[in-house]
Amino acid sequence: MDFSDFLGNPGVKSALSDAFSSGRFPHAILLQGEPGTGRRTLAGHIARALVCREKDRAPCGECPACRRALAGSHPDIRRIEGKGDGGNISVEQIQEMASDAQRMPDEADYSVYILVFGDRTSEASQNKLLKLIEEPPEGAVFLMVCRSAQALLSTIRSRAQAFQLMPPPEEEAAQWLQSHADVKPSEAQKLAALCGGNLGRMQEELGSGTAKEAMEAAVSIAKALPARGAHGLLAATAPLLKDRALCRQTLARLELLFRDAVVLRSGGKTLLGGSPEAADRLADLPIKQLVQLPGLAEKARQDLERNANTSLLITQFCAALRGAIGRS
Ligand SMILES: [Zn+2]
């Protein structure tokens, strides 16, 4: 299996390649990782390799099978996406897939099913899926994509081969962005640092007009934080309540600003947050208090990813920040 255009994750890639060339490819694979780490990209890649006609260099990207797969029209690759807020794959969707899987593949040696799970999938659906992967129809391969395998039943986890995807090193991610988008090397590096090398997030940041807005919000929050009263901080966080994307980006920026403040306070100079002035102002706080701040921003961002209620999250975040610097 040729993964030359998929960054990072060397262990995952070699394990999959070995399984592929041994001719005993697992019938159930679980790709877990944060959004933006390439879970769907990799699933698509595996699916193409399984249907590709050039087995020695699959996926070749050029044979008719690869071309149809790339166009999303290969008859032996199906994609099943969860719906609604929790991204639930319904019992009906699983049932439909199960009956489809009983037929022989149309063209390829495999029928590939890519299942994209959200954070909440009902037990009924999972039990239905479990039956299917316990006794998989011949030639069927199930590629399951999720944030964390913990969201799935242990009985499903134990029957699938699980792989954890991580962002590539920041340097690689920055180079990748430069070759795929019109950005200066310095900007690519900044984005890679801001997003921890997460390519999906980097593209999102780049494509969204909220990047500048997020920076402004993060700076005003950082500046308002040391004040005695809570009013300024609440006003600075108000724009985040209505906009989840802005909220996530602002929290990411803020985490960097907080880290910068810690760096400055400890006599360092390498700053990543993009606003030395805001970091400098925070650096007046005692180091014992400062070191708690990056973790608080990180936790808030993780909670947001888990679909927490934004206004409750921001209220708690503000209280935690103020608590950390003795302003409660
Ligand atoms: Zn091919």
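In this report, the structure presented in the accompanying data block is examined. Along every chain, residues carry numbers that run from 1 in the direction the sequence is written. Only residues with pLDDT of at least 70 are given local features in this predicted model, and only at 80 or more are side-chain atom pairs given and counted; all residues enter the totals for whole chains, interfaces and linings.

Concerning the overall build of the protein chain
Now for step 1: A run of H or I in DSSP counts as a helix once it spans at least four residues, and a run of E counts as a strand once it spans at least two, with each numbered from the N terminus. The helix and strand tally for the protein chain stands at 16 helices and 5 strands.
Now for step 2: Projected onto the principal axes, the alpha-carbon positions of the protein chain cover approximately 70 × 45 × 30 Å.
Now for step 3: We call two residues in contact whenever the C-beta atoms placed from their backbones are within 7 Å. For the protein chain, the proportion of contacts with a sequence separation of at least 24, taken over those separated by at least 6, is 70%.

Points about the sheet that holds strand E3 (residues 111-116)
Now for step 1: On the basis of which strands lie adjacent, the open sheet formed by 5 strands has the order E2-E3-E4-E1-E5 and parallel pairing. At either margin of the open sheet sits one strand with a lone partner, and together these are strand E2 (77-81) and strand E5 (161-164). Here the strands of the sheet are splayed against their neighbours by 20° on average, with no regard to which way each runs.
Now for step 2: With 5 bridges joining them, E2 and E3 adopt parallel strand pairing. In the sheet register, isoleucine 80 faces E3, and the bridge partner there is leucine 115. Strands were regarded as paired on the criterion that DSSP finds at least two bridges between them. With axes taken as lines fitted to C-alpha atoms, and helix axes fitted only over the stretch in contact, angles between N-to-C directions fall between 0 and 180 degrees.

Quick word on the environment of leucine 264
Now for step 1: Counting through the fold element by element, leucine 264 comes out in helix H12 (residues 244-265).
Now for step 2: Every C-beta atom is placed from the backbone, and the number of other C-beta atoms within 10 Å of a residue's own sets its class: buried at 20 or more, exposed at 12 or fewer, partly exposed in between. We classify leucine 264 as buried; it has 20 C-beta atoms within 10 Å.
Now for step 3: Spatially, the C-alpha atoms of leucine 264 and aspartate 284 are 9.5 Å apart, while their sequence positions differ by 20 residues.
Now for step 4: For leucine 264, the residues in contact, after removing those within four places along its chain, are Ala279, Asp280 and Ala283.

Observations regarding helix H1 (residues 10-22)
Now for step 1: With 13 residues, H1 ought to run about 18 Å at 1.5 Å a step, and its terminal C-alpha atoms sit 18 Å apart, in line with that.
Now for step 2: Following H1 by one or two positions, glycine 23 has its phi on the positive side, about 80°. Expected helix span is given by 1.5 Å per residue-to-residue step, counting one fewer step than there are residues.

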